[in-house]
Structure formats: C-alpha cells, structure tokens
Amino acid sequence: MSKKFYIRTFGCQMNKHDSERIAGLLSECHFQETLEIGQAEVIIYNTCSVRENADNRLFGHLSQLASLKERKRNLKVVVAGCIAQKMKEDLLERSPHVDIVVGPNDLGALPRLI
C-alpha cells in the first residue's frame with residue numbers, strides 16, 4: 001500500500017507548476033495523492049512569497065497541523081517554495097512540527113528527504 005500525500009499550493013502560476021512537478025516526483029516513488037488532508041502521511045504546503053500576506057496564511061495553516069501531527073506521529077509536514085527558501089530558520093522556529101523545508105531549486109530532492 002502506497003503512502004498518501006496532500007499538496008496545498010499558495011500563490012503564483014509557477015507554484016502551481018512546481019506542485020504538479022512535486023506530485024509527479026512523488027507518484028514516481030509510489031506515493032498516491034489524496035484530496036483529504038486527514039488521510040495523508042505527507043502534507044506539503046508549496047508557497048509563494050510574492051502574494052500579500054502569504055506568510056500569514058501559511059502560518060495559520062501550519063498552526064492547524066500541530067494537533068494533527070501530535071495524533072499522527074508518522075506524519076511528515078513539508079514547506080516548499082519561495083517562503084520556505086526565504087524564511088527557513090524563522091519558519092522552523094515558529095513551527096517546530098515542520099519536518100522538511102525545501103526551496104524551489106531543491107524540489108527534486110524531496111522524495112529522498114521524505
């Protein structure tokens with residue numbers, strides 16, 4: 001049985017393309033995409049720093065994942081994209097339940113990091 005992943009894309013058209021790329025990479029590694037966040041073993045937020053208040057929206061969504069992560073110990077939380085690259089240390093400090101932070105240039109490494 002394959003692990004399930006959930007992707008939420010924040011932002012620009014390039015981020016939508018990157019999310020499709022992430023989905024393809026994970027599918028090649030026998031992961032299965034789900035539209036139900038509660039079914040996922042891997043939750044990926046792909047972020048854009050260009051949109052106004054994008055970081056506030058991201059942190060709001062991340063705070064909601066803290067309790068889910070407590071219930072599902074094997075859950076991996078990933079933040080990808082521009083905000084991940086721009087705010088890596090601050091992001092990990094403010095959201096210690098995030099497991100992986102990866103910028104747009106390193107998306108190809110995501111299956112290995114998971």
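Every chain is numbered independently, its residues counted from 1 as its sequence is written. Per-residue local features are limited, in this predicted model, to residues with pLDDT of at least 70; the limit for side-chain atom pairs, both in listing and counting, is 80 or more; totals at the level of whole chains, interfaces and linings are taken over all residues. Here the side-chain values reflect all heavy atoms present in the structure, with hydrogen atoms and water set aside.

Section: the pairing of strand β4 (residues 76-81)
Condition: Throughout this description, buried means an accessible area under 20% of the type-specific maximum (1.4 Å probe, protein chains only), exposed means over 50%, and partly exposed covers the range between. Numbered from the N terminus, helices here are DSSP runs of H or I no shorter than four residues, and strands are runs of E no shorter than two. At least two DSSP bridges between two strands are needed for those strands to be called paired.
Counting buried residues along β4, five of its six residues qualify, which places the element largely inside the surrounding structure. Across six bridges, the pairing between strand β3 (residues 42-47) and β4 is parallel. Paired with Thr47 across the two strands is Gly81, which belongs to β4. As defined by bridge partners, β4 adjoins strand β5 (residues 100-102) across three bridges and the pair is classed as parallel. Across the sheet, the residue bridging to Val78 is Ile100, located in β5.

A closer look at the packing of aromatic side chains
Applicable threshold: Any two rings among Phe, Tyr and Trp, with Trp reduced to its six-membered ring, count as a pair given centres within 6.5 Å; such a pair is stacked if its planes are under 30 degrees apart, edge-to-face if over 60, and tilted if neither. Two limits define a charge over a ring: the Lys NZ or Arg CZ must be within 6 Å of the ring centre, and within 35 degrees of the ring normal.
Counted under the stated rule, the structure contains one aromatic pair. For the ring pair Phe10 and Tyr45, a centre distance of 5.7 Å and an interplane angle of 75° mean the geometry is edge-to-face. Here Tyr45 lies in strand β3 and Phe10 lies in the loop between β1 (4-9) and α1 (13-28), a separation of 35 residues in the sequence. Among the residues examined, Phe10 registers a relative accessible area of 2% and is labelled buried. When the ring centre of Phe59 is taken as origin, the NZ or CZ atom of Arg94, which lies over that ring, is 3.6 Å away.

Comments concerning unusual backbone geometry
Positive phi is not limited to glycine here, since His30 has a value of about 70°. Structurally, the position occupied by His30 is in the loop between α1 and β2 (32-33).

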